[in-house]
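A closer look at the structure
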Amino acid sequence: MPPYNLGGGSARLSQMTDDALSLAQERGFGFINLYDAAGTTAFFQANGFLRDWIHWNDAGSAYIADLVVDALRTKGASLD
């Protein structure tokens, strides 16, 4: 599960996410792409989920925790 901001910042960061997905698929692991599933940095900023424009505050942490727990409980179906 890469951080939410590794999907759209640059080609290098996007490649890291793609590489993590490929590795998970090769090894048969689940993979949650937070950039696709949780929202962009702009989404986090607009919803007051960041304490310093980068790191999650309590509300952002709760949002991510709920998203991940739901994904685990539903075996990923909640992410569709």
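These remarks concern the structure in this document. (Residues numbered from 1 in each chain as written. Predicted model: local features only at pLDDT ≥ 70, side-chain atom pairs only at ≥ 80, totals over all residues. Heavy atoms only, no water.)

1. So, the overall build of the protein
The number of helices and strands found in the protein is four helices and zero strands. When the helices and strands of the protein are read in sequence order from the N terminus, they spell out α-α-α-α. Across the 80 residues of the protein, 24% fall into the buried class. Summed over all atoms, the accessible surface of the protein reaches about 5,300 Å², with 54% contributed by carbon and sulfur. (Helix = DSSP H or I, 4+ residues; strand = E, 2+ residues; numbered from the N terminus. Buried < 20%, exposed > 50% of the residue type's maximum accessible area, 1.4 Å probe, protein only. Areas by Shrake-Rupley, 256 points an atom, 1.4 Å probe, with all protein chains shown as cover.)

2. A short note on the packing of aromatic side chains
What the rule picks out here adds up to seven aromatic pairs. Between Phe43 and Phe44 the ring centres are 5.8 Å apart and the planes differ by 85 degrees, which places this aromatic pair in the edge-to-face class. Using a relative accessible area of 0% as the deciding quantity, one classes Phe44 as buried. Among the aromatic side chains, those forming a connected cluster through ring pairs are Phe43, Phe44, Phe49, Trp56 and Tyr63. (Phe/Tyr/Trp six-rings, centres within 6.5 Å; stacked < 30°, edge-to-face > 60°.)

3. Some remarks on the pattern of salt bridges
Tallying each qualifying case throughout the model produces one salt bridge. When the shortest N-O distance is used, the salt bridge between Arg51 and Asp52 registers 3.8 Å. (Salt bridge = Lys/Arg side-chain N within 4 Å of Asp/Glu carboxyl O.)

4. Focus: the nonpolar core
Ranked by size, the top nonpolar core spans 10 residues in total: Ile32, Leu34, Ala38, Phe44, Phe49, Leu50, Ile64, Leu67, Val68 and Ala71. Elements that contribute at least two residues to this core include exactly helix H2 (34-38) and helix H4 (58-73). Looking at this core, the element that brings in the most residues is H4, giving four residues. (Core = buried A, V, L, I, M, F, W, Y, C linked by side-chain atoms within 4.5 Å.)

5. Describing the side chain of Asn57
With respect to the secondary-structure elements, Asn57 resides in the loop between helix H3 (41-46) and H4. Within the structure, the side chain of Asn57 is placed 2.7 Å from the backbone oxygen of Gly48, a separation counted as a polar contact. If sequence neighbours within four positions are ignored, Asn57 has contacts with Gly48, Phe49, Leu50 and Arg51. (Polar contact = N/O pair within 3.5 Å; in protein donor to acceptor, adjacent residues only side chain to side chain. Contact = heavy atoms within 4.5 Å.)

Interpretation note: all reported values are geometric properties and have no functional meaning in isolation.
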